[in-house]
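Single-letter residue listing:
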Amino acid sequence: MNVEQLVSELETADLRRRNALARAAAATASEDDLKAVIRLLVHPVKGVRLGAMEVLAYAQYRPSMPYLVDVTRKRTGDDRILAARAVAAMVEPTDIELATFAKQWIASGDPVLELHGATILTTLGIAVPPRPHDRPPQPQVIVDDARAKTPPPDPVREATPPPDEPPRTDDGADDDPWIEVRSEKELRREFDQLPLTVEARSAVLRELERMRALPVEHPEYEGIRAFLRFVRDLPWGKRAAGSPGPSPLAQVATSLDERHWGLRDAKRRVLEYLAVEQLRGAPQTRVLCLVGPPGVGKTSFARAVARALERPFAVLSLGGVDDEVQIRGFERTYIRSRPGRVIRAFVKAGVMNPVMLLDEIDKLGRRWSDPAAALLELLDPETNTSFVDSYLQFGFDCSQALYICSANDAERIDSVLRDRMEVLRLDGYTARDKTVLAQRHIVPQAVVECGLAPGSVGLTEAAIETLVREYSQEAGVRELARAVMSVCRAHVHRSAERGERPQPHTFDAAEMREILGVPTRRRRRAQPVLPAGSAYGLSWTASDGEVLPIECALLPHGSGKLVVTGQLGDVLKESIEVAVAALRRSAPALGIAADFRKDRDLHVHLPDTAVRKEGPSAGLAIAIALLSHLRDRAARADTAMTGELALHGKVTAIGGVKTKLLAAAAAGIARALVPEDNRIDVEHEFAGEELPVEVIYVSDLDGAIAAAFHAP
């Protein structure tokens, strides 16, 4: 959404056009756009103010609530009514501070404000106080000539103007028919124009009959009205027109390359997905899942896909979701019933085929029920053509959306859900990748966000390398972006202190250190010499890679037991036992005693005892460290290793190889021992790029020993 264009159109648009603009803007607006929309609440043109309130209401943008509440206090007329409507649409059960305003609205004497005040109190679980006593009772409007005669017009339930009366088009009116209560026949005609399914139409007609039989004051009346309004807002039959054809697929590829650096496999898979979808004429059965550490661009990649396809982008945040009702919604028998997150995301998108990101799907919890069960229905092509939300109680077609999931750790994703996904791993960026990202995207974006003229601030290549090496040694680029923002803010601050506007300037490495101070990322550096009984392993986590020192020692006395320290998990303890067994099996060939644990305890220690360590990839490094102690011969300090051992000495494949090699390079390691079975992974991950360290492939323990020690 272009805010400037929206303002110019709102100033000249009639009421219905303004309402349509607000809906379209809310469906596609980013968070920055919505922040700009808040500023329109003080615009001198009334139409702009009303349109801004509609945008915020449809977008459900809760940070705007303080501004909207302030509008209800300081303004009157339509400004106040629309602001109250927006607040009522966004209220949550925890917004207790709104109870005072809601009671004031109920006591105001304005029927519309009364309805919104009652909605807020109902959501908060507070009893609605009686209306002012000086108001006449509200008769029920019966629009059925066969049953009863229509009573006199009611000022609260105001009907549509008669045919000979022109519609109200003054700037102070509100064109939303749901602000005022309408007759059952008018609502029926409106729903007849929507392409509802048979099941949905049956539910709507049933609720219209119930609403017709209830007075406005009945507690269930507002709930029925909210249900019908939500059903109307669903994107029945609406599709984004940007689905690619044979030629636009090349444009999609170009757009993805311009907006996102790297991620070759993810881009290729998206283009394949779209090509097959175009040929079949229907969505595919697989769901793409981007797995990688924070900051590698999973969310921004999904957003880039939506922009390239010209479809609305919807985010379904799943971090912390621990109950199925949060996905599927609450049944309408509850006083605080509401639709689930899935259906609300479709309403916000405004189309049936958005690009929907299921963010942090590996952080689903489980309390009273399993939310993964509801997501399974959403992602399974056999069931998502009629996804049933508990609030709606009828099926809605969710099969036309392009679903992209994101996760930090694929192993934590529910196994049934993971079976529906195609996992694409984003292990992190090399130093070269980060340099290119900083030059193409991070620096220009930071310059604009700080209010500077585009291109007015630059960083030399040496300065960017300093940022990458000393201030952002991570798999992603978030810390790098923060460091660049700090440099731009410092430039603006210095100019303000001198009382002048910022001038164009290019920063070098020395200025980086002067502005940012002591390096914030002090990654463990390799020692020039290792003592006997030590070796460097390589570890991988969901957020980064790390060089892992391993220390082994046989204690002078004991009973042959194993002592482990350093917060080791069960899998890592089993790796130690296997490494000991592999050494004892090959003891004669290695020149060590087979009973080296007899009457002596074995102590294995991994530093950083406050950090829990787990994973099946440290067996090789443990065996080398123990052999170094038994031989009293130091291993090479410039070499790190990763791989798991089998009992017969075979080195088996591991995961996260790219992240581990990048971590080794960042720690000053020159050589890395990698299982032979991971050769294809290394060649694929670093295709066309220079390896960050020298990689030595090993297939068994003998080969690893030959590479891990200096020649005798």
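Given the structure is predicted, the values throughout are model-derived calculations rather than measurements.

The rules behind each value
For every chain, the first residue of the written sequence is number 1, and numbering continues from 1 along that sequence. Where totals are concerned, whole chains, interfaces and linings use all residues; where local detail is concerned, this predicted model gives features only for residues with pLDDT of at least 70, and gives and counts side-chain atom pairs only at 80 or more. Note that the side-chain values use all heavy atoms of the structure and ignore hydrogens as well as water. A helix here means a DSSP run of H or I that spans at least four residues, while a strand means a run of E at least two residues long, and both kinds are numbered starting from the N terminus. Throughout, a contact is declared for two residues whenever any of their heavy atoms are within 4.5 Å. The rule for a salt bridge is simple: a side-chain nitrogen of Lys or Arg has to be within 4 Å of a carboxyl oxygen of Asp or Glu. The cut-offs for exposure are 20% and 50% of the maximum accessible area for each residue type, with area from a 1.4 Å probe on protein chains only; residues under the lower value are buried, those over the upper are exposed, and the others partly exposed. Only four residue types enter the tally: Lys and Arg on the positive side, Asp and Glu on the negative side; His and the chain ends are excluded. Note on aromatic contacts: the rings of Phe and Tyr and the six-membered ring of Trp form a pair at centre separations within 6.5 Å, being stacked when their planes are under 30 degrees apart, edge-to-face when over 60 apart, and tilted otherwise. Only strands joined by at least two bridges in the DSSP assignment are considered to pair. In this description, a line fitted to the C-alpha atoms serves as the axis of each element, helices being fitted only across the stretch in contact, and the angle between N-to-C directions of two axes falls anywhere from 0 to 180 degrees. Nonpolar cores are built from buried Ala, Val, Leu, Ile, Met, Phe, Trp, Tyr and Cys residues. Side-chain atoms within 4.5 Å join them into one set. In this scheme, roughly parallel covers angles under 35 degrees and roughly antiparallel covers those over 145, while 65 to 115 is roughly perpendicular and the rest are oblique. Left-handed describes a crossing whose near helix is turned anticlockwise from the far helix by less than a right angle; the clockwise case is right-handed. Polarity classes work like this: nonpolar for Ala, Val, Leu, Ile, Met, Phe, Trp, Tyr, Cys and Pro, charged for Asp, Glu, Lys and Arg, and polar for all others, with Gly in that last group. Given the number of residues in a helix, its expected span is that number minus one, multiplied by 1.5 Å. Count a disulfide wherever a pair of cysteine sulfur atoms falls within 2.5 Å.

1. So, the overall build of the protein
Line of reasoning, step 1. Looking only at helices and strands, the protein has 28 helices and 18 strands in total.
Line of reasoning, step 2. Relative to all contacts within the protein whose residues are 6 or more apart in sequence, the contacts with residues 24 or more apart total 73%.

2. Digging into the pattern of salt bridges
Line of reasoning, step 1. Inspection of every chain in the model, using the stated rule, returns 20 salt bridges.
Line of reasoning, step 2. Residue R498 is joined to E500 by a salt bridge in which the shortest nitrogen-to-oxygen separation is 2.9 Å.
Line of reasoning, step 3. Residue classification places E500 among the partly exposed positions, given a relative accessible area of 38%.
Line of reasoning, step 4. Its salt-bridge partner being D638, residue R636 comes within 3.0 Å of it at the nearest N-O pair.
Line of reasoning, step 5. Through salt bridges with shared partners, a single ionic network connects E207, R210, E220 and R332.

3. Quick notes on the side chain of K658
Line of reasoning, step 1. Looking at the secondary structure, you find K658 in helix α26 (residues 657–666).
Line of reasoning, step 2. Among buried Asp, Glu, Lys and Arg side chains, K658 stands out as unpaired, with E685 the closest opposite charge at 4.3 Å.
Line of reasoning, step 3. Each residue touching K658, except ones within four places of it in the same chain, is listed here: D427, G428, T430, E685 and F686.

4. Focus on the packing of aromatic side chains
Line of reasoning, step 1. Considering all chains together, one arrives at 5 aromatic pairs under this definition.
Line of reasoning, step 2. Taken together, a centroid distance of 5.4 Å and an interplanar angle of 75 degrees make the contact between W236 and F396 edge-to-face. A residue pair is termed long-range when its members are at least 10 positions apart, and W236 in the loop between α11 (219–233) and α12 (248–259) and F396 in strand β5 (residues 395–396) qualify at 160 residues. By the burial criterion, W236 is buried, and F396 matches it.
Line of reasoning, step 3. Ring centres 5.7 Å apart and planes at 70 degrees place the aromatic pair F346 and F396 in the edge-to-face group. You can see F346 sitting in helix α16 (residues 341–349) and its partner F396 sitting in strand β5, a full 50 residues away along the chain.

5. Concerning the pairing of strand β13 (residues 602–605)
Look at any regular strand and the pattern is simple: side chains alternate between the two faces of the sheet.
Line of reasoning, step 1. Alternating residues of β13 divide into L602 and V604, all buried, and H603 and H605, none buried.
Line of reasoning, step 2. Bridge analysis of strand β11 (residues 545–554) against β13 gives 4 bridges, and the strand direction is antiparallel. In the sheet register, A553 faces β13, and the bridge partner there is H603.

6. Details of the environment of A581
Line of reasoning, step 1. If you trace the backbone, A581 turns up in helix α23 (residues 570–585).
Line of reasoning, step 2. Along the backbone, A581 and A646 are 65 residues apart, and their C-alpha atoms lie at a distance of 9.3 Å.

7. Things to note about the sheet that holds strand β10 (residues 534–540)
Line of reasoning, step 1. Spatial strand order, β12-β13-β11-β10-β14-β17-β18: 7 strands in an open sheet with mixed pairing. In the strand order of this sheet, the two ends are held by β12 (562–565) and β18 (694–698), each with one partner. Taken pair by pair, the neighbouring strands of this sheet meet at an average axis angle of 30 degrees, ignoring direction.
Line of reasoning, step 2. As paired strands, β10 and strand β14 (residues 639–641) are joined by 2 bridges and run parallel to one another.

8. So, the nonpolar core
Line of reasoning, step 1. The biggest cluster of nonpolar side chains holds 55 residues, and the ones touching the most others in it are L358, I361, L378, L392, Y403 and M421.
Line of reasoning, step 2. Setting aside anything within four residues of it in sequence, one finds Y403 in contact with V287, L288, F346, M356, L358, L378, L379, N384 and C398.
Line of reasoning, step 3. Counting 54 residues, the second largest nonpolar core, distinct from the first, contains L256, L290, L459 and V468.

9. Let's talk about the sheet that holds strand β3 (residues 355–359)
Line of reasoning, step 1. In spatial order, the strands read β2-β3-β6-β1-β7; together these 5 strands make up an open sheet with parallel pairing. Both outer strands of the open sheet, β2 (313–317) and β7 (421–425), are each paired with one neighbouring strand and no more. Averaged over all pairs of adjacent strands, the angle between their axes in this sheet comes to 25 degrees, without regard to strand direction.
Line of reasoning, step 2. Note that β3 and strand β6 (residues 402–407) share 4 bridges and pair parallel. Note on β6: the bridge partner recorded for V355 is L402.
Line of reasoning, step 3. Against the sheet, α16 engages β2, β3 and β6, with an angle of about 160 degrees to β2.

10. Topic: unusual backbone geometry
Line of reasoning, step 1. Residues other than glycine seldom take positive phi values, yet Q567 does so here, at roughly 60 degrees.
Line of reasoning, step 2. Here Q567 lies in the loop between β12 and α23.
Line of reasoning, step 3. For Q567, a relative accessible area of 43% gives the class partly exposed.

11. Looking at the pairing of β10
Line of reasoning, step 1. Taken across its 7 residues, β10 has 6 buried, putting it largely inside the fold.
Line of reasoning, step 2. Two elements, β10 and β11, share 7 bridges in a ladder whose sense is antiparallel. Bridged to G537 within β11 is L548.

12. Describing the packing of helix α13 (residues 264–280) against helix α14 (residues 298–309)
Line of reasoning, step 1. α14 packs onto α13 with a crossing angle of 40 degrees between their chain directions and a minimal axis gap of 12 Å. Looking at the two axes, α13 sits oblique to α14. α14 is crossed by α13, and the crossing has right-handed handedness. Side by side, α13 and α14 meet where A266, K267, V270 and L274 of the first sit next to F301, V305 and L309 of the second.
Line of reasoning, step 2. Classifying every residue of the contact of α13 with α14 by side-chain character gives 6 nonpolar, no polar and 1 charged.

13. Let's talk about the environment of R440
Line of reasoning, step 1. The residue R440 is located in helix α19 (residues 431–449) in this model.
Line of reasoning, step 2. Separated by 181 residues in the primary sequence, R440 and R259 have C-alpha atoms spaced 9.4 Å apart.

14. Quick look at the packing of helix α21 (residues 478–497) against helix α22 (residues 509–516)
Line of reasoning, step 1. Contact geometry for α21 and α22: axes closest at 10 Å, N-to-C directions at 85 degrees. As the angle between them shows, α21 and α22 are arranged roughly perpendicular. On α22, the residues touching A483, S486, V487, A490 and R494 of α21 are M512, E514, I515 and L516.
Line of reasoning, step 2. Split by residue class, the contact of α21 with α22 holds 6 nonpolar, 1 polar and 2 charged.

15. Some thoughts on helix α10 (residues 198–213)
Line of reasoning, step 1. Spanning 16 residues, α10 covers 23 Å between terminal C-alpha atoms, matching the ideal 22 Å at 1.5 Å per step.
Line of reasoning, step 2. Those residues of α10 that sit buried are A200, A203, V204, E207, L208, M211 and R212.

16. Points about the environment of I126
Line of reasoning, step 1. Examined against the element boundaries, I126 turns out to sit in the loop between α8 (111–124) and α9 (184–192).
Line of reasoning, step 2. In the structure, I126 is positioned 27 residues away from A99 in sequence and 8.1 Å away in space, judged by C-alpha atoms.
Line of reasoning, step 3. Leave out the neighbours within four places in its chain, and I126 touches A99 and L121.

17. Re the state of the cysteines
Line of reasoning, step 1. Overall, the coordinates contain 0 disulfides when judged by the stated rule.
Line of reasoning, step 2. Looking at C289, it has no disulfide partner, and the nearest cysteine sulfur is the one in C405, 5.2 Å off.

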